[in-house]
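Below, each chain spelled out in residue letters.
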Amino acid sequence: MAFALNTNPVTLSPIALFLQADIVVKLVMIGLLLASIWTWAIIIAATLKLGGVTRQGAAFERDFDRAEDIDGFYKQHSDNRLPIARVFAAGVGEWRRSTMGGVIDREGTRERLATAMGAAVASEIDALSDRLNILATVGAVAPFVGLFGTVWGIMRAFTGIAQAQSTSLAVVAPGIAEALFATAIGLFAAIPAVIAYNRFSHRINRIEARLNRFADSFHATLSRQLEVAGKR
């Protein structure tokens, strides 16, 4: 802690490097630090959200498999906002609209059911993926922003050499250290963003596959009911 709060640039503490940096490099460091904080906020929120969706979705699917009355199960879960519950609601809603008339178009009903639930799956996946583009952007851009700060800082260090008319390491080292610190902050922001983006993309793909399997299973159940209705 004492090292981090030290303001002597010789110690290479983060605060010392920031305070001694040029205004442009300081702005780069602040921007990257804010991007890092934003990234971690998204990571924590997405971890909690996707974890809840996975656990509660599995419980919903188990309850659905044990349910004997689809209408009764729908009434129990009509206010559920889980992605899998919304897909289920989309299927039930289309089923009711397609079968309310006297004559049932079985093939048309099957197609509309598949379309309605497919659209619901796509909508839910879009909602879950809402902020992943921010992680991708930070992961791709942050290293280059840090590199810009580094280049600017090194240019300033060389200007200092010219003004001092000395190539001593004591003259150039602090400026180069400040410049390289900008790159370090850029990597500090980018690396977690890239790892989280890949991890969350994998988890969302698994959730999408699970929703599609549920939609296919529910579609098959409703198709069997259409066959029974057509024989009456």
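Source: prediction; values computed, not measured. (Residues numbered from 1 in each chain as written. Predicted model: local features only at pLDDT ≥ 70, side-chain atom pairs only at ≥ 80, totals over all residues. Heavy atoms only, no water.)

Asker: Residue-level account of the nonpolar core, with values.
Answerer: The nonpolar side chains of a soluble globular protein tend to be buried, and buried together. Residues Phe60, Val87, Phe88, Phe200 and Phe218 are the most contacted members of the largest nonpolar core, which totals 51 residues. For this core, the secondary structure elements donating two or more residues are α3 (23–66), α4 (70–76), α5 (83–99), α6 (106–128), α7 (132–164) and α8 (169–230). Per-element tally for this core: the top contributor is α8, with 17 residues. Not counting residues up to four positions away in its chain, the partners in contact with phenylalanine 218 are Phe64, Ile70, Phe88, Gly91, Val92 and Met117. (Core = buried A, V, L, I, M, F, W, Y, C linked by side-chain atoms within 4.5 Å. Buried < 20%, exposed > 50% of the residue type's maximum accessible area, 1.4 Å probe, protein only. Helix = DSSP H or I, 4+ residues; strand = E, 2+ residues; numbered from the N terminus. Contact = heavy atoms within 4.5 Å.)

Asker: Give a description of the packing of α3 against α5 that names residues and reports values.
Answerer: It is the contact of α3 with α5, at a shortest axis distance of 8 Å, that shows an interaxial angle of 40 degrees. Judged on the interaxial angle alone, α5 and α3 are oblique. Only Pro83, Ile84, Ala85 and Phe88 of α5 make contact with α3, whose side of the interface consists of Val53, Gly57, Phe60, Glu61 and Phe64. Of the residues in the contact of α3 with α5, the class split is seven nonpolar, one polar and one charged. (Axes fitted to C-alpha atoms, helices over the stretch in contact; angles between N-to-C directions. Parallel < 35°, antiparallel > 145°, perpendicular 65-115°, else oblique. Nonpolar A, V, L, I, M, F, W, Y, C, P; charged D, E, K, R; others polar.)

Asker: Account for the layout of surface pockets, with residues named and values stated.
Answerer: Space inside the largest pocket adds up to approximately 240 Å³. Lining the largest pocket are 13 residues, and of these Thr54, Arg203, Arg206, Ile207 and Arg210 sit closest to its centre. Only α3, α5 and α8 provide two or more residues apiece to the lining of the largest pocket. Top element by residues in the lining of the largest pocket is α8. It accounts for six residues. Residues belonging to the lining of the largest pocket are distributed by class as follows: seven nonpolar, two polar and four charged. (1 Å grid on protein atoms, 1.4 Å probe; cavity = no way out; pocket = protein on both sides within 12 Å on 5 of 7 lines; lining within 4 Å. Points joined across faces, edges and corners; volume = space filled by probe spheres on them.)

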